[in-house]
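So the chains spell out like this:
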Amino acid sequence: MKILIINGPNLNFLGKREPEIYGSKTLEMINNEIELFGKKCKMEIEFFQSNHEGFIIDRIQQAYDKIDYLIINPGALTHYGIGIRDAILSTNLKTIEVHLSNVYSREEFRHKSVISDICIGKITGFGSEGYKMALQYLSSLKK
Ligand code: DQA
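Residues numbered from 1 in each chain as written. Predicted model: local features only at pLDDT ≥ 70, side-chain atom pairs only at ≥ 80, totals over all residues. Heavy atoms only, no water.

Looking only at helices and strands, the protein chain has 5 helices and 5 strands in total. When the helices and strands of the protein chain are read in sequence order from the N terminus, they spell out β-α-α-β-α-β-α-β-β-α. Here the C-alpha atoms of the protein chain give a radius of gyration of 14 Å, agreeing with the 15 Å that 2.2 N^0.38 yields for 143 residues. The dimensions of the protein chain, computed from C-alpha atoms along their principal axes, are 40 × 30 × 25 Å. Taken over 143 residues, the protein chain has a buried fraction of 48%. (Helix = DSSP H or I, 4+ residues; strand = E, 2+ residues; numbered from the N terminus. Rg over C-alpha atoms; globule rule 2.2 N^0.38 Å. Buried < 20%, exposed > 50% of the residue type's maximum accessible area, 1.4 Å probe, protein only.)

This is the structure in structure tokens:
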């Protein structure tokens, strides 16, 4: 099973960024943990992070017909990134939405996601474990 994990704006700053909300692990530490977990589940995982919506759209388009599932934390673009929604719809990629923080216990503008309704599901509030929870679910789909 091939999985693409995309992280959006400011997630390259994990570790330094509001650690009381997002935890103290860097994105590199999180990705290393995910990679180890993925190996156990025999998954091929690719990682991508960008602060730019267009680069994220390009990466989603490149994944067309090449990966089985997309796991995405679009960061702030979650709340207004219609271009990302359209890219997911255009490529028909089966997608899981992940957030480190519980977006529903925060400001009201974070309650709205422009991709939730086109995703298989959404994991929010379990920190970096959320990515592994998504992988765990996907590995349960394997025969
Ligand atoms: C986030 C939540 C978003 O509201 C925020 O803009 C982020 C991170 C999360 O993982 O909790 O950048 O997606």
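Having put the structure on the table, let's press on.
Per the counting criterion, the structure on display carries 0 aromatic pairs. The positively charged end of Lys 16 is found above the aromatic ring belonging to Phe 13, 4.7 Å away from the centroid. (Phe/Tyr/Trp six-rings, centres within 6.5 Å; stacked < 30°, edge-to-face > 60°. Lys NZ or Arg CZ within 6 Å of the ring centre and 35° of its normal.)

This part covers the side chain of Ser 101. Mapped onto the elements of the fold, Ser 101 is located in the loop between β4 (94-99) and β5 (121-124). Within polar-contact distance, the side chain of Ser 101 engages the side chain of Arg 106 at 2.9 Å. When residues no more than four places from it in sequence are discounted, the contact partners of Ser 101 are Ile 21, Tyr 22, Arg 106, Thr 124 and Gly 125. (Polar contact = N/O pair within 3.5 Å; in protein donor to acceptor, adjacent residues only side chain to side chain. Contact = heavy atoms within 4.5 Å.)

Turning our eyes to something else, we now look at helix α4 (residues 82-91). Of the positions making up α4, those classed as buried are Ile 84, Arg 85, Ala 87, Ile 88 and Thr 91. Along the axis of α4, the buried positions cluster into a sector of 160°, meaning they face one direction only. Looking at the buried side of α4, the elements it contacts are α3 (53-62), β3 (69-73) and β4. Asn 92 sits one or two positions beyond α4 and adopts a positive phi of about 60°. (Arc of directions from axis to C-beta.)

Right, let's talk about the packing of helix α2 (residues 27-40) against helix α5 (residues 129-140) for a bit. Running from N to C, α2 and α5 point in directions that differ by 20°, and their axes come no closer than 10 Å. Comparing the axis directions of α2 and α5 gives the class roughly parallel. Considering how the two elements wind past one another, α2 and α5 form a crossing that is right-handed. Of the residues in α5, those in contact with Ile 30, Glu 33, Ile 34 and Phe 37 of α2 are Tyr 131, Lys 132, Leu 135 and Gln 136. (Axes fitted to C-alpha atoms, helices over the stretch in contact; angles between N-to-C directions. Parallel < 35°, antiparallel > 145°, perpendicular 65-115°, else oblique. Left-handed = near helix turned anticlockwise from the far one by under 90°.)

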